[in-house]
Amino acid sequence: MTLTIETAGVPEQRASFHSLGTRVLHVLYQHRVMSTDQMQRLLLPAAGGASYLRRQLRELLAAGQVQRIWASHRPTPTEQQSNKTRRPVKPPYLWFLTEEGAQSVEDGGELRPRPYRITAEAVAGARQLHTLAVNETGIAFARHAARLGHECGPLDWMPEVAHRIRDGQRRFEDDHVITDAVLNYVHVRRGQRAMLTLFIEMDRATMTAARLAAKIAAYGRLHEYVPQHPDRARRSAASTRPSWQYTYPFFPRLLVVLDGQPSPTLGARLTARTNDLYALTRADPRLARLAGRLSIGVTTLQLLQDHGPFEPIFTPLLRGTPDARPPLTDLYLTTAQ
């Protein structure tokens, strides 16, 4: 594979950037990689075009703060709708920070430091479409929050958050469940503010339904995991406290968002996948035991984008029976068991 990276020499004196430039750096630091169109919809949703954003990106590129590569996929339907000309639509640019760009964000001290740097090879890798789909999920929440008068901004979700689920020194993947995104949302209604934390799992039908169900089951293990000091004599009453309670006031709802390569059969395939997940999660002994304490819902990215999370677009898992499944509900997933 030929990888084309565009960067530029770093000037001796650091340039002074507009406020939008700073916001771009922050978004790319937290979300790693975004297309021009995604940043336009997230940072300047009311603008008539992306010319101002592109000018800022060119400044950052010239200053050595960002890099860009061509995406490996053709434009999505959303990106095609953003195209205002009749010219053929090229693959979009994907933007990410250079080492200097990441360091400048960390020097500002406004964001929680992340322990890694994104590389061009990683951006061009197999998880590119998955990363962009997670971005689309966050953008959908932010867009509908703005429409409804709620709060969910460009930095209100954190991608790839690792949660330990067992003691030991196995492979990292065996000891942790890596959440695709942890999203914070403030639901404002009649003067009342409800602060929600959501686990987001994005599935583009690239893994089997059984493997996805196993990842969902790992959240049951997370709910019950109590870290233990290796020395029994030093264990205390605190050793009975589940690990998630050190991070979250309540165990977050888990939203599984389905997507896939556009095709005439995509809708039917995602419906079948939802049905498979309903059956597989019901058969898991731990999830069955925790059914009253876990809230898990499944929807599609298209439904989330079109209708928003407060419409009945989620299929609740661990509720009802195969013959009497509960109706679709919103992200609160409140329904009779």
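Refer to the preceding data block for the structure.
Presented here is an overview of the structure given in this document. (Residues numbered from 1 in each chain as written. Predicted model: local features only at pLDDT ≥ 70, side-chain atom pairs only at ≥ 80, totals over all residues. Heavy atoms only, no water.)

## So, the sheet that holds strand β2 (residues 66–70)
Now for step 1: Here three strands make up an open sheet; going across it, the order is β1-β3-β2 and the pairing antiparallel. In the strand order of this sheet, the two ends are held by β1 (34–35) and β2, each with one partner.
Now for step 2: Bridging between β1 and strand β3 (residues 93–97) involves two bridges; their strand directions are antiparallel. When the sheet's bridge partners are listed, Met-34 is paired in β3 with Trp-95.
Now for step 3: Sitting on the sheet, helix α3 (residues 51–62) is in contact with β2 and β3, with an inclination near 115° to β2. (Pairing = 2+ DSSP bridges. Helix = DSSP H or I, 4+ residues; strand = E, 2+ residues; numbered from the N terminus. Contact = heavy atoms within 4.5 Å. Axes fitted to C-alpha atoms, helices over the stretch in contact; angles between N-to-C directions.)

## Description of the nonpolar core
Now for step 1: Judged by nonpolar contacts, the single largest core of 46 residues is most densely connected at Val-24 and Phe-141.
Now for step 2: Broken down by element, this core gets its largest block of residues, seven residues, from helix α7 (residues 128–148).
Now for step 3: By size, the runner-up hydrophobic cluster in this structure holds 31 residues, among which are Val-177, Ala-218, Tyr-248 and Leu-270. (Core = buried A, V, L, I, M, F, W, Y, C linked by side-chain atoms within 4.5 Å. Buried < 20%, exposed > 50% of the residue type's maximum accessible area, 1.4 Å probe, protein only.)

## Some points on the sheet that holds strand β6 (residues 192–203)
Now for step 1: A sheet is described by the order of its strands in space; here six strands give the open sequence β4-β5-β6-β7-β8-β9, paired in mixed fashion. Where the open sheet ends on each side, the last strands, each with one partner, are β4 (157–164) and β9 (315–317). Across the sheet, the mean angle from the axis of one strand to that of its neighbour is 35°, orientation sign disregarded.
Now for step 2: In this structure, strand β7 (residues 253–258) lies alongside strand β8 (residues 296–300), joined through five bridges in parallel fashion. Bridge pairing in β8 links Val-256 to Val-298.
Now for step 3: Sheet strands touched by α7: β4, β5 (176–189), β6 and β7. Its angle to β5, the strand with the most contacts, is close to 10°.

## Overview of the packing of aromatic side chains
Now for step 1: According to the stated counting rule, one finds nine aromatic pairs in the structure shown.
Now for step 2: Pairing Phe-141 with Tyr-185 gives two aromatic rings, centres 6.0 Å apart and planes at 70°, and the pair type is edge-to-face. In this pair, Phe-141 sits in helix α7 while Tyr-185 sits in strand β5, placing the two residues 44 residues apart along the sequence.
Now for step 3: By relative accessible area, Phe-141 is classed as buried at 1%.
Now for step 4: On the basis of an interplanar angle of 85° and a centroid distance of 5.5 Å, the ring pair of Phe-199 and Tyr-248 is categorised as edge-to-face. (Phe/Tyr/Trp six-rings, centres within 6.5 Å; stacked < 30°, edge-to-face > 60°.)

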